[in-house]
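What follows is the residue order along each chain.
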Amino acid sequence: MNKSKLWTKDFIIMSASTFFGGLTFYLLITTLTVYAVEEFNASQSMAGLASSIFVVGALVSRLFVGKYIEIIGRKKMLYGGLFLFLIVMLLYFIVENMNVLLFIRFVHGAAFGVFTTAIATVVMDIIPNARRGEGISYFSLSIALAMAVGPFLGLYISQQGSFTVIFVVCTLFSLISTIILLFVHIPEGDITKEQLDAMKGFKLKDFFEIKAIPISIIIAIMGFAYSGILSFINSYAKEIDLIDTASFFFIVYAVFILISRPFTGRLLDKKGDNIVMYPALILFVIGLVTLSQVNQGFTLLLAGALIGLGFGTMNSCCQAIAIKESPRHRVGLATSTFFTFMDSGVGIGPLLLGFIIPIVGFRGLYLTLAVVVFASIFLYYVLHGKKKRTENNNLQAS
């Protein structure tokens, strides 16, 4: 078997399974606030909680998956998370009150956290070392595409059909995600008994991979900035009377990620981290500034393209860096550390930014986030970029 082969049957199926699981998540997150208000007369804050408590569930489970995945076994963890994800999806059909909905959302999020962290850990292990950046770029496309197609489908189905149709479609996606994964080989972690015993303690380093933390801090800030787009782009579009164009914002975002992925991952592997990360950070800043100045449809879609090239590129590159920096036997922990930080940024963002909007407005919000991302360029240099520059200089000198 060719050691450097990337597009294996297992890699393709696991990417597809992640895509369908992600579709379920993003389709529900865009429609559940309306469902909670219409079905249970929930307040806006309770409806928002019904949407975001899913992320809290994912966050909690990721902490434990990283620690226990090698102890319990990757196969058990992956299938356990996936089957729970499917079973909980069926419970949406019989929800009778708001408290039950919140509980189901939390458990559904926890199952999603288990399944996605476990599948990412397995994928990281089957990607050839020499093509890690490229492999992670392609694999993370599955979530990036789900992030674009899910909200688009959610808005379309909610306009054309009922909430029952939404739950049927999501159940179908969950079923596809589960069935196709039965056809892959899932390798267990190649770790020694000593390494396994070392992971059984209850210290902080048993829940986080220390070497993955610097780059995870960067993705947490980027996730925080991106959450301002995810949560408020529709309200902003209403205010500036561009609601029809806004539905295509995430489609343009996904298209530009698709265009850039073949180059960015390869560039990261061949030329190092900084050559991809600095331009991506700058493009994200320009995208946010553009978004703050939108007056017509074209400018809104241009902002979507720039943010796709900026945040979309950074997302996969930061994940590749987190894995590269960490020891091989702690790949599961590095993966969960990365996702935990990113989910925290995306989860905390809407809550904190909601307080800023009444003071500065939507345009002021996106300008403020542009400043935050610009400041992160210097933080990236201190946490990771400086070290990579020194390593590259040493390589050139030798």
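Residues numbered from 1 in each chain as written. Predicted model: local features only at pLDDT ≥ 70, side-chain atom pairs only at ≥ 80, totals over all residues. Heavy atoms only, no water.

The protein is annotated in an unreviewed UniProt entry as MFS transporter from Metabacillus rhizolycopersici. As stated in UniProt under Subcellular location (unreviewed entry), the record for the protein gives "Cell membrane". (UniProt positions renumbered as here; feature names shortened; annotations may be inferred.)

Attention now moves to the packing of helix H9 (residues 213-239) against helix H11 (residues 249-271). Relative to each other, H9 and H11 sit at 145°, their axes nearing to 11 Å. Taking contact as the criterion, the partners of Tyr 226, Ile 229, Leu 230 and Ile 233 in H9 are, on H11, Phe 249, Phe 250 and Tyr 253. (Axes fitted to C-alpha atoms, helices over the stretch in contact; angles between N-to-C directions. Helix = DSSP H or I, 4+ residues; strand = E, 2+ residues; numbered from the N terminus. Contact = heavy atoms within 4.5 Å.)

The phi angle at Asn 41 is positive, at roughly 50°, despite the residue not being glycine. Looking at the element boundaries, Asn 41 is found in the loop between helix H1 (9-40) and helix H2 (44-72). On the accessibility criterion, Asn 41 (69% relative accessible area) is exposed. Here the phi dihedral of Asp 241 falls at roughly 65°; this positive angle occurs in a residue that is not glycine. Mapped onto the elements, Asp 241 comes out in the loop between H9 and helix H10 (243-246). A relative accessible area of 66% means that Asp 241 is categorised as exposed. (Buried < 20%, exposed > 50% of the residue type's maximum accessible area, 1.4 Å probe, protein only.)

A few words now on the packing of aromatic side chains. Inspection of every chain in the model, using the stated rule, returns 29 aromatic pairs. Seen from their ring centres, Trp 7 and Phe 11 are 5.2 Å apart, and the 85° between their planes marks the pair as edge-to-face. According to the relative accessible area criterion, Trp 7 is partly exposed, its value standing at 43%. Taking 5.5 Å as the distance between ring centres and 70° as the angle between the ring planes, the aromatic pair formed by Phe 338 and Phe 339 counts as edge-to-face. Per residue, the accessibility class of Phe 338 equals that of Phe 339, and both read buried. Taken together, the aromatic side chains of Phe 25, Tyr 26, Phe 54, Phe 85, Phe 112 and Phe 115 make up a single cluster linked through ring pairs. (Phe/Tyr/Trp six-rings, centres within 6.5 Å; stacked < 30°, edge-to-face > 60°.)

Before going further, it helps to spend a moment on the side chain of Thr 24. Mapped onto the elements, Thr 24 comes out in helix H1. Within the structure, the side chain of Thr 24 is placed 3.1 Å from the backbone oxygen of Phe 20, a separation counted as a polar contact. When sequence neighbours within four positions are dropped, the list of residues in contact with Thr 24 reads Phe 85, Met 89, His 108, Cys 170, Phe 173 and Ser 174. (Polar contact = N/O pair within 3.5 Å; in protein donor to acceptor, adjacent residues only side chain to side chain.)

A few words on the side chain of Ser 137. Structurally, Ser 137 is set in helix H5 (residues 132-139). If we ignore the near neighbours within four places in the chain, the residues touching Ser 137 are Arg 261, Thr 264, Gly 265 and Ser 316.

Counted under the stated rule, the structure contains nine salt bridges. Residues Arg 74 and Glu 70 are paired through a salt bridge, measuring 2.9 Å at the closest nitrogen-oxygen approach. Residue classification places Arg 74 among the buried positions, given a relative accessible area of 1%. Taking relative accessible area as the criterion, Glu 70 reaches 9% and is therefore assigned buried. In this structure, Glu 134 and Arg 131 form a salt bridge, with 3.1 Å as the shortest nitrogen-oxygen distance. If you follow the salt bridges from partner to partner, you end up with Glu 70, Arg 74 and Asp 125 in one network. (Salt bridge = Lys/Arg side-chain N within 4 Å of Asp/Glu carboxyl O.)

A separate point is a nonpolar patch on the surface. On the surface, a nonpolar cluster with roughly 580 Å² of combined accessible area is contributed by Phe 83, Ile 87, Leu 175, Ile 179, Leu 182 and Phe 183. Of all the secondary-structure elements, those providing two or more residues to the nonpolar patch are helix H3 (74-91) and helix H7 (163-181). Assignment of secondary structure puts Phe 183 in the loop between H7 and helix H8 (193-198). (Patch = residues over 30% accessible without salt bridge, like charges linked within 9 Å, V, L, I, M, F, W, Y side chains within 5 Å. Areas by Shrake-Rupley, 256 points an atom, 1.4 Å probe, with all protein chains shown as cover.)

By secondary structure assignment, the location of Tyr 156 is in helix H6 (residues 141-160). Here the alpha-carbon distance between Tyr 156 and Ser 247, two residues 91 residues apart in the chain, equals 9.4 Å.

Turning next to helix H4 (residues 98-126). The end-to-end C-alpha separation of H4 is 42 Å, in line with the 42 Å expected for 29 residues at 1.5 Å each. The buried fraction of H4 amounts to 23 of the 29 residues, a majority that puts the element mostly inside the structure. The backbone nitrogen of Asn 99 has a side-chain oxygen 3.1 Å away, supplied by the residue at the start of H4, namely Asn 97. (Expected span 1.5 Å × (residues − 1).)

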